[in-house]
Amino acid sequence: MTALPAPTSRLALYLDLIRWDRPAGWLLLLWPSLSALWMAADGWPGWHLLAVFVLGTILMRSAGCCVNDVADREFDRHVKRTAQRPVTRGAVTVAEALWVGAALALLAFGLVLSTNPAAIQLSVLGLAVSIGYPFAKRVLAMPQAVLGVAFSFGIPMAFAAAQGGSDWGLAAIGAAVPPQAWWLLMGNLFWVLAYDTEYAMVDRDDDVRLGIKTSALTLGRFDVAAVMGFYASYLVSWAAIGASLGLGWIYLLGIAAAATQALWHYSLIRARTREGCFKAFRLNHWLGFTVFAGVVLDFALR
């Protein structure tokens, strides 16, 4: 009879499955969500909502890794960077990965249940988009657009959690989530397109061989120019929307500092090397943090 693996070894595999040692992934989701939360609350949102969004972001990103690795396991085995992922190499079964993902998603949903009906309803829609993303690359020329919506859904949820009441239905969502929140989501989508195109540029050769659709392949020789255009669209739109919500010059200084980082990323990706593109992708969470810091400081120093 085969001995069962030690619990500690399974835990190590599960932590590897959810990329616990690579926090850049959940930080990319966290900063725009927290920026929106501060905007929606007109400053400090309170410990409860802060905990809900920080913990919920970590849990949902971890659940997304489980679903993504199951969906991409046949592709990942042919890509050097992903071949040793737990599901791909068979160290974690498909059923295990799905159970872990479901448990994490349920924990995140439990946190959302402590907010209000508008946020709860939006969380269900956000979950559906997140589950659909891993399969979008089979059919869409730029699946990063779907990822952009999934990674930006914390923005309207933040407004719903901060401003929503006790009513259910579309009218309750409409009352809690102003148009600016949806425009922030659209603007943030461009940031996701920027950094995930950089990520796709790393695996360009493997994706061509496997027939996977990515924005890097779709954009072709215009990929670098498009990435910079995406950065500009994100920063300009957030500057304008933030100003419409009453944010001032300190916030705009944060946007300018983020733009400086985007220009540095151009120097990293213009030669299209794997190392440069991957470094630019990994460092994007600092760009998001800079925008968030501008939001927080603008409210704090009024």
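Keep in mind that what you see is a predicted model, and the values were worked out from it rather than measured.

(A) Region of interest: the overall build of the protein chain. Check the secondary structure of the protein chain and you find 16 helices and zero strands. Counting only residues that meet the buried cut, the protein chain has 52% of its 302 residues in that class. Counting contacts in the protein chain only where the partners sit at least 6 residues apart, residues at least 24 apart contribute 76% of the total. As displayed, the protein chain offers around 13,800 Å² of accessible surface, 70% of which is attributable to carbon and sulfur atoms.

(B) A look at helix 16 (residues 284-300). For helix 16, with 17 residues, the first-to-last C-alpha span of 25 Å sits near the 24 Å given by 1.5 Å per residue. Turning to helix 16, its buried residues are Asn284, His285, Leu287, Gly288, Thr290, Val291, Phe292, Gly294, Val295, Asp298 and Phe299. Buried-residue contacts for helix 16 involve helix 2 (24-41), helix 10 (179-202), helix 13 (223-244), helix 14 (249-269) and helix 15 (274-282).

(C) Inspection of the environment of Met157 at higher detail. Residue placement: Met157 occurs in helix 8 (residues 154-163). The class for Met157 is buried, based on a relative accessible area of 14%. Beyond its immediate chain neighbours, meaning those up to four positions away, Met157 contacts Phe53, Val112, Ala119, Leu122 and Ser123.

(D) Fine view of the confidence of the model for the protein chain. A residue-level look at the protein chain finds 90% of positions with pLDDT of 70 or above and a mean pLDDT of 87. When the criterion is pLDDT under 50, residues 1-5 qualifies, and its contacts beyond four places in sequence or with other chains add up to one contact.

(E) Representation of helix 10 in the model. Given a rise of 1.5 Å per residue, 24 residues ought to cover 34 Å, and the 36 Å separating the end C-alpha atoms of helix 10 matches this to within 8%. Helix 10 sits mainly inside the fold: 17 of its 24 residues count as buried.

(F) Structural view of the pattern of salt bridges. Applying the stated criterion across every chain yields a total of seven salt bridges. For Arg19, the salt bridge is made with Asp69, and the minimal N-O distance between the two is 2.8 Å. With Arg19 in the loop between helix 1 (7-17) and helix 2 and Asp69 in helix 3 (residues 47-71), the pair connects residues that are 50 residues apart, well separated along the chain. By relative accessible area, Arg19 is classed as buried at 8%. Here Asp69 falls in the buried class, since its relative accessible area comes to 0%.

(G) Structural context of the packing of aromatic side chains. Summed over the entire model, instances satisfying the criterion amount to 15 aromatic pairs. With centroids separated by 4.9 Å and ring planes inclined at 80°, the aromatic side chains of Trp44 and Trp47 adopt a geometry described as edge-to-face. An aromatic cluster is defined as three or more aromatic residues linked by ring pairs; in this entry it consists of Trp31, Trp38, Trp44, Trp47, Trp286, Phe289 and Phe292.

(H) Quick look at the packing of helix 13 against helix 14. Helix 14 packs onto helix 13 with a crossing angle of 175° between their chain directions and a minimal axis gap of 10 Å. When the axes of helix 13 and helix 14 are compared, the pair comes out roughly antiparallel. Contacts between helix 13 and helix 14 involve Val224, Val227, Met228, Tyr231, Leu235, Trp238, Ala239 and Gly242 from the first element and Tyr251, Leu252, Ile255, Ala258, Ala259, Ala262, Leu263, His265, Tyr266 and Ile269 from the second. Its residues placed into classes, the contact of helix 13 with helix 14 shows 16 nonpolar, two polar and no charged.

(I) The arrangement of the state of the cysteines in detail. Within this structure, the stated rule accounts for zero disulfides. Unpaired in this structure, Cys65 has its nearest cysteine sulfur neighbour in Cys66, at a distance of 6.9 Å.

(J) Highlighting a nonpolar patch on the surface. Judged by side-chain polarity, Leu11, Leu15 and Trp20 come together as a nonpolar surface patch covering roughly 310 Å² of accessible area. With respect to the helices and strands, the residue Leu15 is situated in helix 1.

(K) Region of the structure containing unusual backbone geometry. Positive phi, normally seen in glycine, also occurs at Arg19, with a value near 60°. A positive phi angle, near 60°, is found at Arg272, a position not held by glycine. By the element assignment, Arg272 lies in the loop between helix 14 and helix 15.

(L) Local environment of the environment of Ser237. As for its position among the elements, Ser237 is in helix 13. Within the structure, the side chain of Ser237 is placed 2.9 Å from the backbone oxygen of Tyr234, a separation counted as a polar contact.

(M) Geometry of the side chain of Asn188. Along the chain, the position of Asn188 falls in helix 10. You can call Asn188 buried: its relative accessible area is 1%. In this view, Asn188 contacts Pro32, Phe151, Ser152, Ile155, Tyr234 and Trp238; residues no more than four positions away in its chain are not counted.

Reading the values: the criteria
Residues numbered from 1 in each chain as written. Predicted model: local features only at pLDDT ≥ 70, side-chain atom pairs only at ≥ 80, totals over all residues. Heavy atoms only, no water. Helix = DSSP H or I, 4+ residues; strand = E, 2+ residues; numbered from the N terminus. Buried < 20%, exposed > 50% of the residue type's maximum accessible area, 1.4 Å probe, protein only. Contact = heavy atoms within 4.5 Å. Areas by Shrake-Rupley, 256 points an atom, 1.4 Å probe, with all protein chains shown as cover. Expected span 1.5 Å × (residues − 1). pLDDT = per-residue confidence, 0-100. Salt bridge = Lys/Arg side-chain N within 4 Å of Asp/Glu carboxyl O. Phe/Tyr/Trp six-rings, centres within 6.5 Å; stacked < 30°, edge-to-face > 60°. Axes fitted to C-alpha atoms, helices over the stretch in contact; angles between N-to-C directions. Parallel < 35°, antiparallel > 145°, perpendicular 65-115°, else oblique. Nonpolar A, V, L, I, M, F, W, Y, C, P; charged D, E, K, R; others polar. Disulfide = S-S within 2.5 Å. Patch = residues over 30% accessible without salt bridge, like charges linked within 9 Å, V, L, I, M, F, W, Y side chains within 5 Å. Polar contact = N/O pair within 3.5 Å; in protein donor to acceptor, adjacent residues only side chain to side chain.

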